Amino acid sequence: MAENSPQDAIALLKADHRSVEELFEKFEGAKGDGAKEKIARQICLELTVHAQIEEEIFYPACEGKIEEDLLKEAYVEHDGAKVLIAEIEAGGPEDDFYDAKVKVLSEQIQHHVEEEEKRMEGMFSQARHAGLDMDALGERLRARKAELVATYQSSGLPRPEPTTFTEATV
Ligand SMILES: [Fe+2]
Ligand SMILES: [Fe+2]
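Worth saying up front: this structure is predicted, and the values here are computed from it rather than measured.

Calculation notes
Residues numbered from 1 in each chain as written. Chains lettered and ligands numbered in written order. Predicted model: local features only at pLDDT ≥ 70, side-chain atom pairs only at ≥ 80, totals over all residues. Heavy atoms only, no water. Donors = N, O, S within 2.8 Å, 3.2 Å for Na, K, Ca; no water. Helix = DSSP H or I, 4+ residues; strand = E, 2+ residues; numbered from the N terminus. Buried < 20%, exposed > 50% of the residue type's maximum accessible area, 1.4 Å probe, protein only. Tetrahedral: all angles 85-135°; square planar, octahedral: opposite > 155°, others 65-115°. Phe/Tyr/Trp six-rings, centres within 6.5 Å; stacked < 30°, edge-to-face > 60°.

Q: Help me understand the coordination of the iron ion (ligand 2), please; the structure alone is not making it clear to me.
A: For a metal with four tetrahedral donors the ideal donor-metal-donor angle is 109.5 degrees, while six octahedral donors give ideal angles of 90 or 180 degrees. Every protein donor of the iron ion (ligand 2) is listed here as Glu-54 (OE), Tyr-59 (OH), His-78 (NE2), His-112 (NE2) and Glu-116 (OE), and their distances to the metal cover 2.0 to 2.3 Å. The sequence pattern describing where the donors of the iron ion (ligand 2) fall on their chain is E-x4-Y-x18-H-x33-H-x3-E. In this structure the iron ion (ligand 1) is found 3.3 Å away from the iron ion (ligand 2), and Glu-54 serves as a bridging donor for the pair. Note that Tyr-59 is positioned in helix α2 (residues 33-62) and His-112 in helix α4 (residues 98-117), a separation of 53 residues in sequence. The exposure class assigned to His-112 is buried, which follows from its relative accessible area of 6%.

Here you go:
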């Protein structure tokens, strides 16, 4: 789908999930430090933008409409991912734990994506049933995503900001 076509919020967020899953797969098969680093940086960029648009736009819209526990866990899972993203961004393939960090990040994301996409009780399904305006949200997500990608591509990723962690430094 072209970048500018209208897309409902859930379709947009799911497409982001598929894109990052593909990148994790590519990372596993990549040969050479240069290729690995390039893919890992793309993973960090995409996940940072994705988590940010969810936290700025989608999750607040879900507030009060879906199970509160599920929403809270999603924020904490994002913060867990931000720790690994900061580590991967600051490191490189020559580091002893680089591949392990990317792998663990992929496992954490896989779990998180399941919680969002699970049929019936997942976050997206609950949000859909609650009657959120997915077209309007999709448009806001698309616009903010384009803005963030442009900014981060030109200036690099900012240090991730935890939303729920009060003790751990990201
Ligand atoms: Fe997501
Ligand atoms: Fe998420």
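We are not done yet, so read on.
Q: Teacher, can you tell me more about the coordination of the iron ion (ligand 1) here?
A: Surrounding the iron ion (ligand 1) are the protein donor atoms His-17 (NE2), His-50 (NE2), Glu-54 (OE) and Glu-116 (OE), which sit 2.1 to 2.2 Å from the metal. For the iron ion (ligand 1), the four donor atoms in the first shell make angles of 83 to 171° at the metal, a pattern classed as irregular.

Q: Can you help me understand the packing of aromatic side chains in this one?
A: The description of an aromatic ring pair rests on the distance of the ring centres and on the angle between the ring planes. Per the stated rule, a full pass over the model turns up three aromatic pairs. Arranged with centres 6.3 Å apart and planes meeting at 55°, the rings of Phe-27 and Tyr-98 form a pair that is tilted. On the criterion of sequence distance, the pair formed by Phe-27 in helix α1 (residues 9-29) and Tyr-98 in helix α4 is long-range, its members being 71 residues apart. The same class applies to Phe-27 as to Tyr-98, namely buried.

Purely geometric numbers; function is a separate question.
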